[in-house]
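# Structure at a glance
Take a look at the letters that make up each chain.
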Amino acid sequence: SIPQEIIKNLTDISVSSKHSLGLDKNGKVYSWGNNQYGQLGIGNTDNKNTPTKINTSNMSNKNITKISAGGDFSLFLTEDNKAYATGHNNYGQLGIGNTNDKNKPTEINTSNISNKKIIQISAGKDFALFLTEDKKLYATGHNNYGQLGIGNTDDKTTPVEVDISNLNSDIDKIVATGEHFIVLTKNGNVYTTGRNDKWQLGIGNNKTQTLLTKVKFAFKN
């Protein structure tokens, strides 16, 4: 069972199919579940059946402000707006410039992001998203269905800029899931890209997209 002292202090949670993350009010993160690829970020690959504090040695023990659990990996954002990732990295989803798995949070490669502050993170099945303070969006990892939104299906091991030319307003929120993601803009529109064989994109057809495409709502306000 989850210790009560942890439960009462949690301010955010994020779950994947096989592991979970919890963020407490003091900026500390606990993880539990499957750890085959180091996705729990505790410095080893031991599975855990109760919440265990993650290893923050690569973060200089800075407080964590945001968490996101992906397929077999995890993302973290620290108080100084730096992004870190841990776990499976077979497609480059950790964004560290290679395909080596990590068992504790490792800072992403920001060579394409420059020194811009990252303000949001979101993890899909095998890919990750990063939104910067200037409302630019970056993606890394698996791209077999165009889920990175870069106009092709090439995998990336380092975050690259997403094509947001189809958007008519700044991005307000990002959400990555299995093999597609959606963004909500400041003016209330929704855009999406990636796998669409089950009509999951909501664009009026079931054609896979490699660029952000506007969702078609069947109602008007």
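Notes on the structure in this doc start here. (Residues numbered from 1 in each chain as written. Predicted model: local features only at pLDDT ≥ 70, side-chain atom pairs only at ≥ 80, totals over all residues. Heavy atoms only, no water.)

### Regarding the overall build of the chain
Put simply, the test is: The helix count covers DSSP runs of H or I at least four residues long, the strand count covers runs of E at least two residues long, and both are numbered beginning at the N terminus. With the radius of gyration taken over C-alpha atoms, the globule rule is written as 2.2 Å times the number of residues to the power 0.38. Any pair of residues with heavy atoms lying within 4.5 Å of one another is described as a contacting pair. Throughout, the Shrake-Rupley method with a 1.4 Å probe supplies accessible areas, and for residues the shown protein chains are the sole cover considered.
On a plain count of helices and strands, the chain comes out with one helix and 16 strands. For 221 residues, the compact-globule estimate of 2.2 N^0.38 gives 17 Å, and the C-alpha radius of gyration of the chain, at 17 Å, lies within 12% of that figure. For the chain, the share of sequence-separated contacts (at least 6 apart) that also reach a separation of at least 24 residues comes to 42%. Roughly 10,200 Å² of accessible area belongs to the chain as shown, and the carbon and sulfur atoms make up 42% of that amount.

### Points about the pattern of salt bridges
Counted only if it meets this: We count a salt bridge whenever a side-chain nitrogen from Lys or Arg sits within 4 Å of a carboxyl oxygen from Asp or Glu. Type-normalised accessible area, obtained with a 1.4 Å probe on protein chains alone, sets the label of each residue: buried when under 20%, exposed when over 50%, and partly exposed for intermediate values.
A full pass over the atoms with the stated rule returns seven salt bridges. Of the charged contacts in the structure, one is a salt bridge between Lys18 and Asp72, with a shortest N-O distance of 3.5 Å. Of the two residues, Lys18 is situated in the loop between strand 1 (10-15) and strand 2 (19-24) and Asp72 in the loop between strand 5 (64-69) and strand 6 (73-78); the sequence distance between them amounts to 54 residues. Among the residues examined, Asp72 registers a relative accessible area of 13% and is labelled buried. Here Arg195 and Asp197 are joined by a salt bridge, their closest N and O atoms 3.0 Å apart. Using a relative accessible area of 24% as the deciding quantity, one classes Arg195 as partly exposed.

### Things to note about the sheet that holds strand 5
Put simply, the rule is: In this analysis, strands are considered paired if DSSP registers two or more bridges between them. Axis definition: a line fit to C-alpha positions, over the contact stretch in the case of helices; interaxial angles, taken between N-to-C directions, run 0 to 180 degrees.
Here four strands make up an open sheet; going across it, the order is 5-6-7-8 and the pairing antiparallel. One side of each edge strand has no neighbouring strand; the edge strands of this open sheet are strand 5 and strand 8 (102-107). Between one strand axis and the next, the sheet turns by 20° as a mean value, whatever way the strands run. Here strand 5 runs beside strand 6; their pairing, made up of five bridges, is antiparallel.

### Remarks on unusual backbone geometry
Although it is not a glycine, Asn61 adopts a positive phi angle of roughly 60°. By secondary structure assignment, the location of Asn61 is in the loop between strand 4 (48-53) and strand 5.

### Describing the side chain of Thr56
Tracing the backbone through its elements, the reader meets Thr56 in the loop between strand 4 and strand 5. Discounting chain neighbours no more than four positions away, the residues touching Thr56 are Asn61 and Ile64.

### Re the packing of aromatic side chains
Rules: Two rings belonging to Phe, Tyr or Trp (six-membered ring only in the last case) form a pair when the distance between their centres is within 6.5 Å. Interplanar angles under 30 degrees mark stacking, angles over 60 mark edge-to-face geometry, and anything in between is tilted.
Tallied over the entire structure, the rule returns one aromatic pair. Arranged with centres 6.4 Å apart and planes meeting at 45°, the rings of Phe127 and Phe181 form a pair that is tilted. On the criterion of sequence distance, the pair formed by Phe127 in strand 10 (residues 127-132) and Phe181 in strand 14 (residues 180-185) is long-range, its members being 54 residues apart. Assigned by exposure class, Phe127 and Phe181 land together as buried.

### Considerations on the layout of surface pockets
Rolled over the atoms, a probe as big as a water molecule pinpoints where empty space is left. Cut-off, in case you're wondering: Only protein atoms enter the 1 Å grid used here. Points where a 1.4 Å probe fits but cannot escape make up a cavity, open sets with protein on both sides within 12 Å along at least five of seven lines make up a pocket, and a residue lines them when an atom lies within 4 Å of a point. Grid points are joined across faces, edges and corners, and a volume is the space filled by probe spheres set on the points. When residues are sorted by character, Ala, Val, Leu, Ile, Met, Phe, Trp, Tyr, Cys and Pro go into the nonpolar class, Asp, Glu, Lys and Arg into the charged class, and all the rest, Gly among them, into the polar class.
For the largest pocket, the calculated volume is near 270 Å³. For the largest pocket, the lining is made up of 14 residues, of which Ile67, Ile121, Ser122, Lys173 and Ile174 are closest to its centre. Put simply, the parts of the chain that give the lining of the largest pocket at least two residues each are strand 1, strand 5, strand 9 (118-123) and strand 13 (171-176). Among the residues forming the lining of the largest pocket, the class breakdown is seven nonpolar, four polar and three charged.

### Describing the side chain of Asp24
Stated precisely, the cut-off is as follows: Charge assignment: positive for Lys and Arg, negative for Asp and Glu; neither His nor the chain ends contribute. Here a polar contact is recorded for every N or O atom pair within 3.5 Å, except that within protein the pair must consist of a potential hydrogen donor and a potential acceptor, and residues adjacent in sequence are included only if both atoms are side-chain atoms.
With respect to the helices and strands, the residue Asp24 is situated in strand 2. With no salt bridge to any partner, buried Asp24 finds its closest opposite charge in Lys28, at an N-O distance of 7.2 Å. Separated by 2.8 Å, the side chain of Asp24 and the backbone nitrogen of Asn26 make a polar contact.

### So, the nonpolar core
Selection criterion: Note on terminology: a nonpolar core comprises buried Ala, Val, Leu, Ile, Met, Phe, Trp, Tyr and Cys residues joined through side-chain atoms within 4.5 Å.
Core analysis: the largest hydrophobic core is formed by 17 residues, its most contacted members being Leu129, Leu137, Ile171, Ile174, Phe181, Val183 and Leu212. Those elements that provide at least two residues to this core are strand 10, strand 11 (137-141), strand 13 and strand 14. In contact with Leu212, not counting residues within four places along its chain, are Val162, Asp163, Ile164, Asn166, Leu167, Phe181, Val183, Tyr191, Thr192 and Thr193. The next biggest cluster of nonpolar side chains, apart from the first, holds 15 residues, and it includes Leu75, Ala85, Ile113 and Phe130.

Geometric descriptors of this kind do not, in isolation, establish any biological role.
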